[in-house]
Amino acid sequence: MIIYNVTINVSDEIHDTWLNWMKEKHIPDLLSTNLFVSASLNRVITNSDTGTTYAVAYKLKNLADLQKYETKFSNKFREEYNSKFSASAPTFRTIMQVEETF
């Protein structure tokens, strides 16, 4: 199992708009590629005074599916996201492989 994690720091000014868009549009659109097994939207608990941080964990069966996402879909989704939120909700990505679940 692969976890494609996107961490986002969302400014307070756009928080509600961003959160609604992620739940109603962006996450469902990524899942509709049929490459992801599931996704979870997680709020990072922090004492930061600047916005709210989220980690969206998208699960995939294998690296081949992530490669397909990267080649066929990622540019479109990133461009759409960046046109709306890049300045107020910057992101960084982490790819993890699940070694074992207990």
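Scroll up for the structure.
Read on for a plain summary of the structure. From a predicted model like this one, the values you see are computed outputs, not experimental measurements.

**Points about the overall build of the protein chain**
And step 1. Broken down by element type, the protein chain carries three helices and four strands.
And step 2. N-terminal to C-terminal, the α/β element order of the protein chain is β-α-β-β-α-α-β.
And step 3. Radius of gyration (C-alpha) of the protein chain: 14 Å, near the 13 Å computed for a compact globule of 102 residues.
And step 4. For the C-alpha atoms alone, the extent of the protein chain along its principal axes is close to 35 × 35 × 20 Å.

**Things to note about the nonpolar core**
And step 1. Counting residues in each nonpolar core, the largest one holds 24 residues, and the members touching the most others are Trp-18 and Tyr-58.
And step 2. For this core, the secondary structure elements donating two or more residues are β1 (2-10), α1 (15-31), β3 (52-60), α2 (63-72) and α3 (74-85).
And step 3. When residues in this core are grouped by element, the largest group, six residues, is from α1.
And step 4. Ignoring anything within four residues of it in the chain, the contact list for Tyr-58 reads Ile-2, Ile-3, Tyr-4, Val-6, Met-22, His-26, Ile-27, Leu-30, Phe-36, Ser-38 and Ala-39.

About the criteria used
Residues numbered from 1 in each chain as written. Predicted model: local features only at pLDDT ≥ 70, side-chain atom pairs only at ≥ 80, totals over all residues. Heavy atoms only, no water. Helix = DSSP H or I, 4+ residues; strand = E, 2+ residues; numbered from the N terminus. Rg over C-alpha atoms; globule rule 2.2 N^0.38 Å. Core = buried A, V, L, I, M, F, W, Y, C linked by side-chain atoms within 4.5 Å. Buried < 20%, exposed > 50% of the residue type's maximum accessible area, 1.4 Å probe, protein only. Contact = heavy atoms within 4.5 Å.

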